[in-house]
Structures are given as C-alpha cells and as structure tokens.
Amino acid sequence: MEQVRKEVFSSLLPWFKKHRRKMPWRSNRTPYRVWISELMLQQTRVDQVTPYFNRFIKQFPSLRALAKASQEDVLKQWEGLGYYSRARNLHKAAQLISTQRGGRFPRTFDELLALPGVGPYTAAAIGSLAFNLDLAVVDGNVIRVLSRLFAYDEMVQRSVAKKQFQSVADFLLPQGSAGDYNEAMMELGATVCAPKNPKCTHCPMANICLAFKQGNPTGFPVKKPRKKVPHLVVGAAVVVNDAGDFLIAQRREKEMLGGLWEFPGGKQEAGETIQECIARELKEELDIKIEVGDFLVTVQHAYSHFTMELHTYFAKIISGQPRPIECQDFKWVNPGNLRRFPYSKADLYIIDELEKQEKT
Ligand code: SF4
C-alpha cells in the first residue's frame, strides 16, 4: 500500500499535470462552478455535460441568480440531462444558502453534506476541489482504478467493499493536494483505465498495478451480474382543442421526472389496447373523457432501471374539463410555445415529431 502511495505522488500527479483535459469548470474554479459541475457530472459523461454547464452558467452566472430563478427555468436548462432531482435539489440548495446563510457557500464537509442533493461523494468532491480540504472521493472511475491496482477480487457493490475503497483512497491521498489527487484518479479512470480497453502501456501506475501484472485488467472490478430491467409499454395523448392548442400536464414533484411537463398518459395494463390505456389514463389523471384518434409516433427510451416504448396518439375531449387529479398542473399551449416548458427526452421526441408533421 505504501508503494502505491509513493507512486501516486511520483507518477500519477505529474502525469495528471501533463495530461489533464480542458474542461470549462476547471478554469475560474469557484465553489459555485465546482458545485454545478459535480452535480451535472453524476451519472453523466464529461462530453455530455460540457454544453449543459456552459448554458447553465450563462443563464445563472451566480448562486444568487440561481436562487432567484423559478424551478421551471432551472429544469428547462437541465432538460435532457436526466436525473432531474439533481436540478430540483440544486435550486433548493441555492435558495437555502441565500436565505439561511446570507449567500455564504458552505466550506466544511458537514456543512456541504447538509445541502439538499449532496451526499458524501459530492461533499468530498466540492470540499477538495473548491476548498482543498483533504477529502478523497470514490466514484465509479476510482473504484475501477483501485480494484485493478490491488486486483481486488470481491464484489465491489457490497457495502463493506465501498468502505474499504474509501479507506484506501483516504490513505493514498497526498495531504494538501486533495483536489489534484481526486481529479487525477478520476481522469485516469476516464481516459486510461477505461472499462473495456484499458491502455495499460500508457498508464502511469502500470509499475505497481497487480491486475496488469496478472495480465487481466478487465477482470476487475468484480461485479454482481446485472438484473434484467423491466420493459414498459406506455400510451400518451396529444390532446388538441378547437383552437389548435395542445394539452400538457406537469408531473408531480415527488414522482420520477417531477416538475417536468409531458403529454399525459401512462402504463398499459393487462388486457387493454393502447387506445384504451390512453383513454383510462386521461380520465384518471385529468378527469376527461377523450376520443383517441390518429397515431403520431412510437418512442423507444431507456432509463437506468427500465426501458419503455411510448405510443403516442392524437386525441380530442368528448366530455369534461381537465382538472389536475394525478398531476401537478396542466396547460393548453399553442404549438409555437411548446418548447418553453421543460420535458423529458421522450416527450421532446414527440415535440420533434409534431414539428416535422407541421412542416410537411
Ligand atoms: Fe488500469 Fe492498466 Fe493502469 Fe492498471 S495498469 S491502473 S489496469 S490502466
């Protein structure tokens, strides 16, 4: 272990100095920018995050600007990035820092951990990168690198394994250089010690890497086999009124994709056709009876814990006035204004299709 620590200092940090990639949040490093980037980077790749980060910072250049924004505006900037609770928590935390801390950004691990949406990983990342606190981060990249360096042959998802990786990362951390160390480990995992084709011959840690010595780097980390994710069939309606406006509904805050807008609908139940599903869902969600008309589009989409095929049809109301029963709110929206609201990716595909049809 001591040898690995020496190698971190003598090889990994110099390698990082030379090879660190340019990222917008690495320049002008303020706690606010670090915080936004760390939340965006959870479960998301750097290349996907970069345009979102630039756009978000342009729209909300300071914590104060973010705190003053509406949740809908924040979700709009996050649209398409997924895991929307991150955006809602970011917004809540900005308001909390403004009102309860006079705009002073938290500076200790415990203060950071108290923010909505900040767990031990994010608190350590912000603490080390923004305030140079001696805190080691352990994410998927770090686990992969460490499990290979030590040829760790137990399953990495066990809670005991997570604690072991944290202790090892804490031990390897060179005091006073936590920010560089954390970024170097994550950069190594993202660019050299890749999941499928690690570039061991270019790796600064190859000298002391046990997985490399065993000739089996991709044998680590050892993981539980993935469970097959369920596949859902979902129906949605583009309800059009006499003025040509579309009916959209806002998902409830506590649900998945909470706060986002959508074309109303839901999961198909056993024994019903997709048209019956759509009619039932709109009765339950908005208390309206509809007639389901022409088919619009089927969207295939994968979430982390299920896959979905979303069948979309045009519809019109035959009785009742919409009421938000199983949704937070609803609106009739002119087609030209549809994109003003935040949607999930699946609903954005439906809007793309509507716009295509309008052009033809
Ligand atoms: Fe990863 Fe290969 Fe480097 Fe070991 S030598 S840390 S397996 S890239």
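Heads up: the structure comes first, above all this text.
What this report covers is the structure whose coordinates are included nearby. Predicted model only: the values in this text are computed from it and were never measured.

1. Description of the overall build of the chain
Point 1. Across its full length, the chain holds 14 helices and 7 strands.
Point 2. For the C-alpha atoms alone, the extent of the chain along its principal axes is close to 75 × 50 × 40 Å.
Point 3. In the chain, buried positions account for 49% of the 360 residues.
Point 4. Residue pairs in contact within the chain that sit at least 24 positions apart in sequence constitute 67% of those at least 6 positions apart.
Point 5. Counting only carbon and sulfur atoms, one obtains 51% of the accessible surface of the chain, whose full area is about 18200 Å².
Point 6. Positive and negative charge centroids in the chain, built from 50 and 39 side chains respectively, lie 9 Å apart.

2. Thoughts on the site of the ligand
Point 1. Surrounding the ligand, one finds Arg 148, Leu 149, Val 192, Cys 193, Cys 200, Cys 203, Ala 206, Cys 209, Phe 212 and Pro 217.
Point 2. Its residues assigned to classes, the shell around the ligand comprises 9 nonpolar, no polar and 1 charged.

3. Examining the sheet that holds strand β5 (residues 289-302)
Point 1. With mixed pairing, 4 strands are arranged side by side in an open sheet as β4-β1-β6-β5. A strand with exactly one partner marks an edge of an open sheet, and here the two such strands are β4 (265-267) and β5. Averaged over all adjacent pairs, the angle separating strand axes in this sheet is 20 degrees, with direction ignored.
Point 2. As judged from the 9 bridges shared by strand β1 (residues 231-239) and strand β6 (residues 307-319), these two strands associate in the parallel manner.

4. Describing the packing of aromatic side chains
Point 1. Under the definition given, this model contains 11 aromatic pairs.
Point 2. With 5.0 Å between their ring centres and 65 degrees between their planes, Phe 56 and Phe 60 make a pair best called edge-to-face.
Point 3. Under the relative-accessibility criterion, Phe 56 is labelled buried at 0%.
Point 4. Here the aromatic residues Tyr 32, Trp 35, Phe 105 and Phe 131 are joined through ring pairs into a cluster of three or more.
Point 5. Residue placement shows Arg 5 over the ring face of Phe 171; its charged tip is 4.0 Å from the ring centre.

5. A word on the side chain of His 301
Point 1. Assignment of secondary structure puts His 301 in strand β5.
Point 2. For His 301, a relative accessible area of 15% corresponds to the buried category.
Point 3. The contact partners of His 301, leaving out residues within four places of it in the chain, are Thr 307, Met 308, Lys 345 and Tyr 349.

6. Structural notes on unusual backbone geometry
Point 1. Phe 220 connects to Pro 221 through a cis peptide bond whose omega is -5 degrees.
Point 2. Along the chain, Pro 221 turns up in the loop between α12 (210-213) and β1.
Point 3. For Asn 28, which is not a glycine, the phi torsion comes out positive at approximately 45 degrees.
Point 4. Structurally, Asn 28 can be placed in the loop between α1 (2-19) and α2 (31-41).
Point 5. Residue Asn 28 is classed as exposed on the basis of its relative accessible area, which comes to 54%.

What counts as what
- Residues numbered from 1 in each chain as written.
- Predicted model: local features only at pLDDT ≥ 70, side-chain atom pairs only at ≥ 80, totals over all residues.
- Heavy atoms only, no water.
- Helix = DSSP H or I, 4+ residues; strand = E, 2+ residues; numbered from the N terminus.
- Buried < 20%, exposed > 50% of the residue type's maximum accessible area, 1.4 Å probe, protein only.
- Contact = heavy atoms within 4.5 Å.
- Areas by Shrake-Rupley, 256 points an atom, 1.4 Å probe, with all protein chains shown as cover.
- Lys, Arg positive; Asp, Glu negative; His and termini not counted.
- Charge placed at Lys NZ, Arg CZ, Asp CG, Glu CD.
- Near = heavy atom within 4 Å.
- Nonpolar A, V, L, I, M, F, W, Y, C, P; charged D, E, K, R; others polar.
- Pairing = 2+ DSSP bridges.
- Axes fitted to C-alpha atoms, helices over the stretch in contact; angles between N-to-C directions.
- Phe/Tyr/Trp six-rings, centres within 6.5 Å; stacked < 30°, edge-to-face > 60°.
- Lys NZ or Arg CZ within 6 Å of the ring centre and 35° of its normal.

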